[in-house]
Each structure stands twice: as C-alpha cells, then as structure tokens.
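This is what each chain is made of:
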Amino acid sequence: MTDAKEMPSVLRDFLAYHETIKGHSKKTSDEYYLDLRTFFRFLKLNRGLCPRTSELDEISISDIDINFVGSVTLTEVYEYLAFLSRDRVKNQRSRSKEYGLSANSRARKISSIKSFYKYLTVKAKLLSSNPVQDLDSPKAPKTLPKYLTLDESRALLNAVDGRNKERDFCIISIFLNCGLRVSEIVGLNITDIRADSLRVLGKGSKERFVFLNDLAAASINDYLAVRKTIDAPGENALFLSARKQRMSRETVHAMVKNTLLKAGLSAEEYSCHKLRHTAATLMLRNGVDVRTLQELLGHENLNTTQIYTHIDNSDLKTAALANPLADFKKKEN
C-alpha cells in the first residue's frame, strides 16, 4: 500500500523503525503511513504550498523533510482536527454526503502523529522539542462491546451447514471458545495444533498458546479429518478456501455473516470481532479473572481487557439488592 516514490525519507525511517524494532505488522505500518500522508497533505494545502484548488488525495508529500515536520505548530494540528471532524468524507468510496470522521477515527490519526513525533524526538533525536507533546486526543464516547448471549451462541453453532460445514463449524467454535482475532484464525497452520492447545501468532508477531476446551478440540479433530483429504501440496494453512489456498479474512467475514443470517441473528449488528467479544464475556461471567483473560486474548494492556468487566452486571445487581431500602414497602392510604 505504501508508495516508495511518494514517501519522504523521514517517514520511511519511522515506518522501518516500527516494523523492525517495534515488531509491528505491515498492516499497522500502512495505517501509520496513510494517517501521516493525509496530515502532511493537509499541511501543504493549509500553508499554501500547493494550489488551493488541489484535490487532497492528489497532493504529493515526496518533498516533506525534517525542517517541514519540525515547523508544525499545535495550532495547525488543531486545525487539522477541525478539518477531520467537519470536512473529511467518512468513506471516500461512498457517494454518501455524510462528512466528518468519528471521534474514534480522529483519535487514531492523532495517535499516529504523536507516535511519529515521539520517534523524532526520543529515538531518532532529529528534533529537540516535540510540538505535539501536549496535544489532547478527541474524547471518544464510551460504548460497551456487543456480544451474543449463550442461547444465541448455541443458535449460531447449530446454524452451520453446507459443504464446508466442518471447516465453518471449527472456525466459529474457535471464535466463541478461544476468542481469537480473525487475522489469527486465518493465520493458523496445521503445525500450530497441539494436543490441547493452539499456537497463535498475534499482533506484533507476539506468540501465545491458547488452550482448547472439549468443543474446540472436537471441532478441530472433525475438521482435520476433512482437511487431510484435500489435495493442497505445499499449503500448510489450517483453513483452506474453495481454491485450496489459505482463507482470507474477507472470506471468513462473509461466512460468519451468512451463518448469522441462517441463525436469525443480525449480520449488521454482529461480526467476527463480536464473536471474540462473546468469548471474552462468557468466560468472564463464568469465573475467569481479568488478567487471565488478558493473556488469553493477547491484549498488550490490561485496560483493553477491562472493558469486558463493565458488561458483567452481576456485582452491580448484588449491590443494588443489598441496599437496606430494597424491601421498603409503601404504606397504603
């Protein structure tokens, strides 16, 4: 996705640092690139360094250097935030007239900018001061993750059918029982299967082992019996597409959406990531502590995992019932 000819050296070095030193994936590197490219394009347009009539997506950033990025002011960054919230189209591929990025999307772009300047000042030491050090990120609304109930989860498993039912049942079982990300599931290889666990390669190429319960283990064994009959020389991927190649994330998303519809569930409200939420919620409600859940889900920060603690309202209900006024009876006139 990154364009070597378009990319200035100061940005190329930053991305190389994240891939080689921080161990971030190519996908994460591409997201940094796109965020910073948009920021630099805006700055050039806002400073009058290109015609005012220029289309933002056509502005070159190949001439961006350390002097340019070092001259950025906090005021310019806030002007950029205003641009994102007011003028930037949410989905450039859509013909919708809806404008403005959400607070979450703006916060991610600001995070990219802050990471870039931290690298320039702390790691590369190309700048003596960080112009965005005191930059505040947009306040994002707190929303609880959606998840399937236990009955809805059972309905989803029961809805799996078709010529690839063993494969699809196995994938959904792993989602609901192990809480893997869709990228982690499509990245599984046959050699990652252990007697009672899976070797999972998570974000940032971090390896972890996820133990299998009876349903997950049985579904893997059932699928392996089918997988062994598929003639795919040299293909080590666990889950194969109709073309006998590693399944893509898009194919898994489509399969999950289709199965949700068969189960009578909303394919708009739920997704692969919501199945991961479901696994986390069910485990938390059945006695798994939050730190164990953090390890299982592959979260780097405990704060990411703690959002699931807000879903389990059993303690809140207990607290409400413990109020001594709970049994108050109103006198009848």
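What this report covers is the structure whose coordinates are included nearby. (Residues numbered from 1 in each chain as written. Predicted model: local features only at pLDDT ≥ 70, side-chain atom pairs only at ≥ 80, totals over all residues. Heavy atoms only, no water.)

1. Re the overall build of the chain
Assigned secondary structure in the chain consists of 14 helices and two strands. By sequence separation, contacts in the chain at least 24 residues apart represent 58% of the contacts at least 6 residues apart. (Helix = DSSP H or I, 4+ residues; strand = E, 2+ residues; numbered from the N terminus. Contact = heavy atoms within 4.5 Å.)

2. Here we look at the packing of helix α4 (residues 74-86) against helix α5 (residues 103-123)
Between α4 and α5, whose axes approach to 11 Å, the crossing angle comes to 150 degrees. Comparing their axes, α5 and α4 come out roughly antiparallel. Pair α4 / α5 crosses with right-handed handedness. Of the residues in α5, those in contact with Val77, Tyr80, Leu81, Leu84 and Ser85 of α4 are Arg106, Lys109, Ile110 and Ile113. Of the residues contributing to the contact of α4 with α5, the split by class is six nonpolar, one polar and two charged. (Axes fitted to C-alpha atoms, helices over the stretch in contact; angles between N-to-C directions. Parallel < 35°, antiparallel > 145°, perpendicular 65-115°, else oblique. Left-handed = near helix turned anticlockwise from the far one by under 90°. Nonpolar A, V, L, I, M, F, W, Y, C, P; charged D, E, K, R; others polar.)

3. Notes on the pattern of salt bridges
In a structure, side chains of opposite charge can pair up when their charged atoms sit close to one another. Summed over the entire model, instances satisfying the criterion amount to 14 salt bridges. One salt bridge connects glutamate 76 with arginine 47, and the closest N-O pair in it is separated by 2.8 Å. Of the two residues, glutamate 76 sits in helix α4 while arginine 47 sits in the loop between α2 (26-46) and α3 (66-70), which places them 29 residues apart along the sequence. For arginine 47, a relative accessible area of 28% corresponds to the partly exposed category. The residue aspartate 192 makes a salt bridge to arginine 199 at a minimum N-O spacing of 2.9 Å. On the accessibility criterion, aspartate 192 (4% relative accessible area) is buried. Judged by relative accessible area, arginine 199 falls into the partly exposed class, the value being 23%. Among the charged side chains, a salt-bridge network with shared partners connects Asp35, Arg108 and Lys109. (Salt bridge = Lys/Arg side-chain N within 4 Å of Asp/Glu carboxyl O. Buried < 20%, exposed > 50% of the residue type's maximum accessible area, 1.4 Å probe, protein only.)

4. With respect to the nonpolar core
Counting 37 residues, the largest nonpolar core has Leu11, Phe39, Phe40, Phe116 and Tyr117 as the members making the most contacts within it. For this core, the elements supplying multiple residues, two or more each, are α1 (9-20), α2, α3, α4 and α5. Element by element, the count of residues in this core is highest for α2, at eight residues. Apart from the residues lying within four places of it in its own chain, the contact partners of leucine 11 are Tyr33, Leu36, Phe40, Ile61 and Phe116. Formed by 35 residues, the second largest nonpolar core is a distinct cluster that contains Leu148, Leu176, Leu212 and Leu265. (Core = buried A, V, L, I, M, F, W, Y, C linked by side-chain atoms within 4.5 Å.)

5. Concerning the packing of aromatic side chains
Taken as a whole and judged by the stated rule, the model has 13 aromatic pairs. Pairing phenylalanine 40 with phenylalanine 68 gives two aromatic rings, centres 6.5 Å apart and planes at 85 degrees, and the pair type is edge-to-face. Taken together, the residues span a long stretch of sequence, with phenylalanine 40 in helix α2 and phenylalanine 68 in helix α3 at a distance of 28 residues. Like phenylalanine 40, the residue phenylalanine 68 is buried in the burial classification. In this structure an aromatic cluster arises from ring pairing among Phe14, Tyr17, Tyr32, Phe39, Phe40, Phe42, Phe68, Tyr80, Phe83, Phe116, Tyr117 and Tyr119. Of note, arginine 47 hangs over the ring of phenylalanine 68, and the distance from its end group to the ring centre comes to 4.5 Å. (Phe/Tyr/Trp six-rings, centres within 6.5 Å; stacked < 30°, edge-to-face > 60°. Lys NZ or Arg CZ within 6 Å of the ring centre and 35° of its normal.)

6. A word on α1
With twelve residues, α1 extends 16 Å from end C-alpha to end C-alpha; this agrees with the ideal 16 Å at 1.5 Å per step. Turning to α1, its buried residues number three or more, namely Val10, Leu11, Phe14, Leu15, Tyr17 and His18. Projected onto a plane normal to the axis of α1, the buried residues spread over an arc of 155 degrees and lie on a single side. Contact partners of the buried residues in α1: α2, α3 and α5. (Expected span 1.5 Å × (residues − 1). Arc of directions from axis to C-beta.)

7. Description of the pairing of strand β2 (residues 207-211)
Two faces make up the sheet, and in a regular strand the side chains alternate between them. On β2, burial follows the alternation: Arg208 and Val210 on one face are buried, whereas Glu207, Phe209 and Phe211 on the facing-out side are not. Here strand β1 (residues 197-201) runs beside β2; their pairing, made up of five bridges, is antiparallel. The partner of leucine 198 across the bridge, within β2, is valine 210. What sits between the antiparallel neighbours β1 and β2 is a turn of five residues, in which glycine 204 has the positive phi angle 65 degrees. (Pairing = 2+ DSSP bridges.)

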